[in-house]
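# Architecture at a glance
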Amino acid sequence: MTNCLFCKIIAGTIPSTKVYEDDLVLAFRDIAPQAPTHILVIPKTHIPSVDGITAENSAVVAHIFEIIPAIAKAEGLEKGYRVVSNCGEHAGQTVRHLHFHILGGRELNLEMA
Ligand code: AMP
């Protein structure tokens, strides 16, 4: 998608601090971290949000969830971490390319909102 911020990050036209990359996914540090460790994991294919996950494209989501524990381990998040995906306006999704936040490095509050 030409006008998608995260597609531009995947293409390398917008810089990012890369944490992990393979053929299917990219992980990079959030530009405005909400915790000592704040990483975004995204599919390289453009899926707008959780709402866009289908039987045809869900393999990449499974792959993302295989990669997340490896990233958490590499980041030293042995005390735990949170995985969040905001979907749509009420959830505050600001970038319309599916992404999973990994948050950790401190005790996170228990509220979900
Ligand atoms: P969300 O609000 O769930 O859609 O999350 C979007 C996230 O993308 C926010 O946490 C932003 O701080 C982050 N973000 C926006 N632009 C960039 C960028 N150029 N590089 C890294 N993270 C970004």
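Before any of the text, the structure's been laid out above.
Below is a short write-up of the structure. (Residues numbered from 1 in each chain as written. Predicted model: local features only at pLDDT ≥ 70, side-chain atom pairs only at ≥ 80, totals over all residues. Heavy atoms only, no water.)

## Overview of helix α2 (residues 58-74)
Compared with an ideal rise of 1.5 Å per residue, which puts 17 residues at 24 Å, α2 spans 25 Å between its outermost C-alpha atoms and is within 8% of the ideal. Listing the buried residues of α2 in full gives Val60, Val61, His63, Ile64, Ile67, Ile68, Ile71 and Ala72. Next to the buried residues of α2 lie β1 (18-21), β2 (25-29), β3 (37-43), β4 (81-84) and β5 (100-104). (Helix = DSSP H or I, 4+ residues; strand = E, 2+ residues; numbered from the N terminus. Expected span 1.5 Å × (residues − 1). Buried < 20%, exposed > 50% of the residue type's maximum accessible area, 1.4 Å probe, protein only. Contact = heavy atoms within 4.5 Å.)

## Quick word on the side chain of His99
Along the polypeptide, His99 turns up in the loop between β4 and β5. One polar contact links the side chain of His99 to the main-chain carbonyl oxygen of His97, over a distance of 2.6 Å. Excluding residues within four positions of it along the chain, His99 makes contact with Phe6, Leu40, Val41, Ile42, Val84, Ser85 and Gln93. (Polar contact = N/O pair within 3.5 Å; in protein donor to acceptor, adjacent residues only side chain to side chain.)

## Side note on the pairing of β2
By the criterion of burial, β2 is predominantly enclosed, with four of the five residues buried. Here three bridges tie β1 to β2, and the two strands are oriented antiparallel to one another. Bridge assignment links Lys18 to a residue of β2, and that residue is Phe28. Following β1, the chain reverses through three residues before pairing antiparallel with β2. Relative to β3, β2 runs antiparallel, the two being bridged by five bridges. Bridging across to β3, Arg29 finds its partner in Ile39. (Pairing = 2+ DSSP bridges.)

Purely geometric stuff here, so don't read any function into it on its own.
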